[in-house]
Amino acid sequence: MLDNRSSAARPQHRRRGRGGLILAAVILAASAAPLHARTNGSRTVATPADPFEAGETASGNYLAAIVAGAKQDITPAAKFYTEALKTDRRNAELLERGFLAQLADGNMPEAFRYARTMLAIDEKVALPNLAMAVRNLQMKQFDKARAHLALAAGKYRNSDPTATLLTAWTEVGNGRLTKALALADKLQEPALNDIRNYLTGLMADVGGKKDEALRR
C-alpha cells in the first residue's frame, strides 16, 4: 500500500494546474495565526494541540494520515506523515503529501523544512520551489526568490502566471518597478486580466507611482 521507492526512482509531479492553489495556501498559511492559539487580553497564548499517538509502522502511520486527511483533520494528518517519513525519508509520495499537509496546517517552518528536503533530491520540482520563493520574498531575498521561481516554472517560465507575477514582485523589491510592470503585462490571457490589473496596481502603489496604480 505504501510505495517504498525513493524519489530518485519515482517521477516528480509538477502539477502545473495546482501551482496557483498551492501558492495561495503557502501565502495564507504564512500570514495566518497559529492554529492552536487563543487570545488572552492583548496577548496571544499558545495552546498545545491534542496529542496524537503515532503508529508502530510506516504503513500504519501512512494509513492514519490518509484517514485523517480524508476527514479534514489536518494536524493529525501532518503528524502521521512526519512519523511515516522517519523510516522512509526519501519517499517522494510521503514527502509531497507531508509537505502539503504542513502547508494546510499553517506550520510554515516544517513546510519549508520539507521543501528543502525535496529540493535536495530534485531541485527542479515545482511546488517546493514556489514555497521557498515565497519564503525568500518574505525575507527580502529577491535574487534567491527569482532563482527558485525560474526552477519552479521550468520551460514554462515565460508563460506560467504564478511564477511570472511573483518574479515581477521580486523586481519591485529590487526597485525596478518599470521592469516589474512590463513583466506582469506579458500575461494577456483574458482570464488573468482582473488579477493582473489588481496586482500591478499594488506594485505601482508600493513603487510610489500613485497615478499608475489608479490607472490600473
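Scroll up for the structure.
Parameters at a glance
Residues numbered from 1 in each chain as written. Predicted model: local features only at pLDDT ≥ 70, side-chain atom pairs only at ≥ 80, totals over all residues. Heavy atoms only, no water. Helix = DSSP H or I, 4+ residues; strand = E, 2+ residues; numbered from the N terminus. Contact = heavy atoms within 4.5 Å. Polar contact = N/O pair within 3.5 Å; in protein donor to acceptor, adjacent residues only side chain to side chain. Core = buried A, V, L, I, M, F, W, Y, C linked by side-chain atoms within 4.5 Å. Buried < 20%, exposed > 50% of the residue type's maximum accessible area, 1.4 Å probe, protein only. Expected span 1.5 Å × (residues − 1).

Undergrad: Looking at this structure, I do not really get the environment of Thr-200. What am I missing?
TA: Examined against the element boundaries, Thr-200 turns out to sit in helix 10 (residues 193-206). As for Thr-200 and Ala-180, which are separated by 20 residues in sequence, their C-alpha atoms are 8.3 Å apart. Ignoring sequence-local partners within four residues, the contact set of Thr-200 consists of Leu-181, Ala-184, Asp-185 and Arg-216. There is a polar contact of 3.2 Å between the side chain of Thr-200 and the side chain of Arg-216.

Undergrad: So what exactly am I meant to see when it comes to the nonpolar core here?
TA: The tendency in soluble globular proteins is for nonpolar side chains to be buried as a group. Judged by nonpolar contacts, the single largest core of 35 residues is most densely connected at Tyr-81, Leu-94, Phe-99, Leu-103 and Leu-149. Elements with a contribution of two residues or more to this core: helix 2 (58-70), helix 3 (74-85), helix 4 (92-105), helix 5 (108-121), helix 6 (126-138), helix 7 (142-153) and helix 8 (161-173). Beyond its immediate chain neighbours, meaning those up to four positions away, Phe-99 contacts Ala-111, Tyr-114, Ala-115, Met-118, Leu-127, Pro-128 and Ala-131.

Undergrad: What is the right way to look at helix 4 in this model?
TA: Owing to its 3.6 residues per turn, the α-helix brings residues three or four apart onto one side. The end-to-end C-alpha separation of helix 4 is 20 Å, in line with the 20 Å expected for 14 residues at 1.5 Å each. Across the 14 residues that make up helix 4, a large majority, 12, are buried. When helix 4 is considered as a whole, its buried residues turn out to be Ala-92, Glu-93, Leu-94, Leu-95, Glu-96, Gly-98, Phe-99, Leu-100, Ala-101, Gln-102, Leu-103 and Asp-105. Backbone geometry just downstream of helix 4 places Gly-106 in the positive-phi region, at approximately 80°.

Undergrad: Help me out: how do you make sense of helix 3 in this one?
TA: Taking 1.5 Å per residue as the helical rise, helix 3 with its 12 residues ought to reach 16 Å, and the 17 Å between its terminal C-alpha atoms agrees with that figure. For helix 3, a buried count of 10 out of 12 residues is recorded, marking the element as mostly surrounded by other parts of the structure. Buried residues of helix 3: Thr-75, Pro-76, Ala-77, Ala-78, Phe-80, Tyr-81, Thr-82, Glu-83, Ala-84 and Leu-85, and no others. Tucked inside the fold, the buried residues of helix 3 contact helix 2, helix 4 and helix 5.

Geometry only, nothing functional implied.
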